[in-house]
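Fold and geometry: a report
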Amino acid sequence: MPAMVVFGRRWRIASDDLVFPGAFELFIRAVWWIVTLVVYTNHKGRFDCQGGTYLHNYLVVLLVLLGVIILTLCAIVYISAQGTIMNPGPRRSVPALVYLRALLYVPELVWACLGAVWVSDSMCVCVCVLSWIILLSMAVGVLVVFDPLGSQRPGAPPDAPRGVRDLESSESSQLFYTAHTVASRVWESRLRLLCCCLPQDNNHRAAFSSIAQLVSGFFLDTDLVPSDIAAGLALLHQEQDKMEHCRDPDEVLSHSPEDLEVELEKAAHFMKFAAAAYGWPLYVYSNPLTGLCKLSGDCCRSRQAEYDLVGGDSLGCHFTSILQSTGLQYRDFIHISFHNQIYEIPFYVALDHKREAVLVAVRGTLSLKDVLTDLSAECENLSVEGVSGTCYAHKGISQAAHYIYKRLVNDGILSQAFNIAPEYKLVICGHSLGAGAASLLAVLLRSTHPTLQCYAFSPPGGLMSKAVADYSKQFVVSVVLGKDLVPRLSIPNMEDLKRRLLKMVSNCSKPKYKILMRGCWYELFGGAPDDFPTELENRREEVLNQPLLGEESLLVQRSNTYQSLSSDDSPAHPTHLPLYLPGCILHITEDGHCFAPVRYRAEWSSETSFRNVLISPRMVADHMPDVVLRALRSLTREQPFMACSSCKKVRL
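What counts, and where the lines are drawn
- Residues numbered from 1 in each chain as written.
- Predicted model: local features only at pLDDT ≥ 70, side-chain atom pairs only at ≥ 80, totals over all residues.
- Heavy atoms only, no water.
- Phe/Tyr/Trp six-rings, centres within 6.5 Å; stacked < 30°, edge-to-face > 60°.
- Helix = DSSP H or I, 4+ residues; strand = E, 2+ residues; numbered from the N terminus.
- Buried < 20%, exposed > 50% of the residue type's maximum accessible area, 1.4 Å probe, protein only.
- Lys NZ or Arg CZ within 6 Å of the ring centre and 35° of its normal.
- Axes fitted to C-alpha atoms, helices over the stretch in contact; angles between N-to-C directions.
- Parallel < 35°, antiparallel > 145°, perpendicular 65-115°, else oblique.
- Left-handed = near helix turned anticlockwise from the far one by under 90°.
- Contact = heavy atoms within 4.5 Å.
- Nonpolar A, V, L, I, M, F, W, Y, C, P; charged D, E, K, R; others polar.
- Salt bridge = Lys/Arg side-chain N within 4 Å of Asp/Glu carboxyl O.
- Pairing = 2+ DSSP bridges.

Evaluated as defined, the whole model comprises eight aromatic pairs. Measuring from centroid to centroid gives 5.9 Å for phenylalanine 333 and tyrosine 348, while their planes differ by 50°, and the two rings are tilted. With phenylalanine 333 in strand β3 (residues 333-337) and tyrosine 348 in strand β4 (residues 347-352), this residue pair connects regions lying 15 residues apart in the sequence. The burial state of phenylalanine 333 is the same as that of tyrosine 348; both residues are buried. Members of the aromatic cluster, each reached through a chain of ring pairs, are Phe319, Tyr330, Phe333 and Tyr348. Directly above the ring of tyrosine 580 sits lysine 466, whose terminal nitrogen or CZ lies 5.4 Å from the centroid.

Here you go:
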């Protein structure tokens, strides 16, 4: 930090990011120099032969050139390791060394071309090939750190005094607007290229545009490079673990264990159907040894007549895997749809005779179209009868819920189910994206099915407004496992994470390479969180209320992030509407130690516990549907749980 400026533009790399790549290249060059020296020694008596002069000249010049490159790399690695993230002063000579290293690339390329013409000896050919491999690797590395917005990033030149890096107000605003526009176009082009196989209709174009606007502006008002973010995440993870170890145990309120046991049994039962909605991919993943064998017979058999009766489309092996996962019979299914487009997600409707329920299970994210639905994260107004207060929800998930609502109601699917089993109750369940759509679908159907219940497993955190979330507590149970990222994922939470990262990287007084090395060790092998010294240690208490000079230098001062740092941890005027998890929240955590069997604890929690993103190696694994199902089944077998809230229990 800040991003290094060479050749008149910014790059996605800072002056302290050259320690590891420089050390790696230094090792390769040293080995290469030794190998070249060995080749030269072995050929020392044969340079008088035909072509020997060319070989002699090639090897001598290559040894000299490699020696100069090795000395340059030593200087780059040493100087890049100096200073801290927020103190680039000791590294001010790194750009000059980068220019020198780039200049050495030219004779190296020329000599590699001459070597390809001159060299015919087998050992020397290997040296020549190695030269080309390293040159091509360097070219790929340059492309990786190239920033297409390098000439458009807002901010003052790098040699401007710290704290005076802004332009005048109007010029700064105009520059920031231009940079944001260019960044949006770049991201929209990337999305179109990534999704080139998808139809380019109005829905996709609108999604590309909204996602590009969201992604492009997130770090645009900061002068961070990817390694700064990685270092900040490593520091934040250890800081969160230290706070967790020092935190007083949460107060546990007395509550009926029998009630919680019943709720956990229901959750485990319905999670089986939510996981089955993923079809054969999750079934094969969960049963790697026997899954393909169990599915192969039914998948190869033609069951078109049965599919027509069920009402499905393009089921393939999905129907067989659902039968295997749920234990239901063919006659229990009312409708199965694996139609998948943006804002249109698969679901199925079946009769659950064990719980006497008409079950609607919604699939979670499994395709690129689902990812686009997830990322369409702006707010959309929601019409809910009987709810006082502002009603809005995540746009992509809301449209997916309306799509399923129209299919269920307008196509008569629910009417058909209740004609068969009129005494049954309606239950809706789903995981991840499916959990969000199931929750909003339950809100839409609540007025016509007042006894319905919904079980949302690992739902997205940025889902619905406060008024709708409070209303949903009457009939929705959200199940969250451990430090799952998705229930904590919302635009306000991500903005909060960005502010925390800025504070961590600006306050730490250790070199970045030490932070990253310690962070990797901590993630892989654990241990006690490191107590990195920070620049805050000797500051007076009143100074802590002001933004650090380091933080100011990381930001464009007209941005919302700078304004929030100037006042408090939270912005005075949030730029995004707050969104919340649905319903009552059942939080499952691991309760065990190293080398001990994993045991789980369940407790009722509030939405305030999910307002911060927790950094952990488990933040993705805890979201996987098979892991959630395994945890629920473990709880219902062992029952080591605790009740921790007076939230109203859901009944069927």
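Okay, the packing of helix α14 (residues 395-410) against helix α16 (residues 433-445) next. Across the interface, α14 lies against α16 with an axial gap of 8 Å and an inter-helix angle of 55°. One element, α14, and the other, α16, form an angle in the oblique class. Two packed elements cross with a definite hand, and for α14 against α16 that hand is right-handed. Along its contact with α14, which presents Ile397, Ser398, Ala401, His402, Ile404, Tyr405, Leu408 and Val409, the element α16 presents Leu433, Gly436, Ala437, Leu440, Leu441, Leu444 and Leu445. Looking at side-chain class alone, the contact of α14 with α16 contains twelve nonpolar, three polar and no charged residues.

A full pass over the atoms with the stated rule returns 23 salt bridges. Aspartate 370 serves as the salt-bridge partner of arginine 363, at 2.6 Å between the closest nitrogen and oxygen. As far as the burial class goes, arginine 363 and aspartate 370 line up, both buried. For aspartate 496, the salt bridge identified is with arginine 500, shortest N-O distance 2.8 Å. A residue pair is termed a helical-turn pair when its members lie 3 or 4 positions apart in one helix, as aspartate 496 and arginine 500 do in helix α18 (residues 491-507) at four residues. By relative accessible area, aspartate 496 is classed as buried at 9%.

Two strands pair when backbone bridges link them, and strand β1 (residues 3-6) and strand β2 (residues 9-14) are joined in this way by three bridges, in the antiparallel orientation. Residue pairing across strands places valine 6 opposite arginine 9, the latter belonging to β2. Connecting β1 to the antiparallel partner β2 that follows it, the hairpin turn spans two residues, and phenylalanine 7 within it adopts a positive phi of roughly 55°.

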